[in-house]
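# Summary of the model geometry
Below are the chains, spelled out letter by letter.
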Amino acid sequence: MLTHVGLFEGSGIPSYIAECCGMKAVAWCESDLCCQYCLAKLFPGAIGFSDVRTADWSNIPQPVTLLTAGVPCQPVSVAGKQKGREDERWLWPDTIRAIESIRPSWIVLENPPAIRLHGLERIAADLEGIGYDLIPKGRDGRFTPLCVGAWAVGAPHKRDRVWIVGHTRRQFESSVQLADADQAGRKERLRVGNHDATELTPVIRSRWPSRPGEPQHDWEAPRLIECGVGDATNELARRLRSRTNKALLRMAGNGWVPQIASIIYTWIVEVENARPNL
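Summary of the structure given here. (Residues numbered from 1 in each chain as written. Predicted model: local features only at pLDDT ≥ 70, side-chain atom pairs only at ≥ 80, totals over all residues. Heavy atoms only, no water.)

## With respect to the overall build of the chain
Across its full length, the chain holds six helices and 11 strands. Residues counted as buried form 49% of the 278 residues belonging to the chain. If you take every contact in the chain between residues at least 6 apart in sequence, the share linking residues at least 24 apart comes to 62%. Summed over its atoms, the accessible surface of the chain is roughly 15,000 Å², and 51% of this surface lies on carbon and sulfur atoms. (Helix = DSSP H or I, 4+ residues; strand = E, 2+ residues; numbered from the N terminus. Buried < 20%, exposed > 50% of the residue type's maximum accessible area, 1.4 Å probe, protein only. Contact = heavy atoms within 4.5 Å. Areas by Shrake-Rupley, 256 points an atom, 1.4 Å probe, with all protein chains shown as cover.)

So this is what it looks like as structure tokens:
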């Protein structure tokens, strides 16, 4: 069984997409009370933690396939003072402690682009230091962070984010080469040990949705949906309605782009399912 642990989980998008892709959410960590309520309802069988700094990870069922984390972005966001590691909200040391304790097979981290200037080198060094191989890699063989935004999946806004993907070296050695996209999207080619992706079953290939203004692919879900923020609270008192809507908007604003997470998760699941055929 493939399993998922989500740190800084927010409203539950990382865990929800993981379950949509065939994983089971076994644990989450989130400090926001409103988000905790949502997570407890969405994943009643998962272990919940409220503070990454004091959490005891020893009770999480092993092995864990994937751990995801959106380390709080305020210390590196261009909207803040960008103190980075000097900011008291910089929780990367607690995140690496959790990763080292849980030892997931895969990790996926998400953060604003400013992380490349404030903390990325430390993050990469720490992960490689405890045995994780980071992908994708550039032509020089060094880790090159992947920066992809909501625009890449057809959204009318940019929302660029840096995505860090890593796996444990002890399982297998791999390298991923990401080619630039043509109009149909981005293609990925994987080598696991001496095996080419075309030799694996199933063939490992990620499909990127069409870009803004382009016709959607047949396999894409419709993009235009009606926003429900505010609709469910119209019968409440105005003050309570305002507070509820603000909480919902905060949860949505801090969340991951589900379509991007789904593409990465699907690729990981396909790699994991292909491993017995190696």
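## Focus on the side chain of Asp-133
Mapped onto the fold, Asp-133 is located in strand 6 (residues 132–135). Among the residues examined, Asp-133 registers a relative accessible area of 7% and is labelled buried. A distance of 3.0 Å separates polar atoms of two side chains, one belonging to Asp-133 and the other to Lys-137. (Polar contact = N/O pair within 3.5 Å; in protein donor to acceptor, adjacent residues only side chain to side chain.)

## Thoughts on the environment of Ala-150
Inspection of the secondary structure puts Ala-150 in the loop between strand 7 (146–149) and strand 8 (160–168). Judged by its relative accessible area of 1%, Ala-150 falls in the buried class. In sequence terms Ala-150 and Trp-256 are 106 residues apart; their C-alpha atoms lie 9.3 Å from each other. The residues touching Ala-150, leaving out its near neighbours within four places in the chain, are Ala-155, His-157, Lys-158, Arg-159, Val-257 and Ile-260.

## Focus: the environment of Val-153
When you line up the elements, Val-153 lands in the loop between strand 7 and strand 8. You can call Val-153 buried: its relative accessible area is 6%. Remark: the alpha-carbon pair of Val-153 and Gln-259, spanning 106 residues in sequence, is separated by 6.7 Å.

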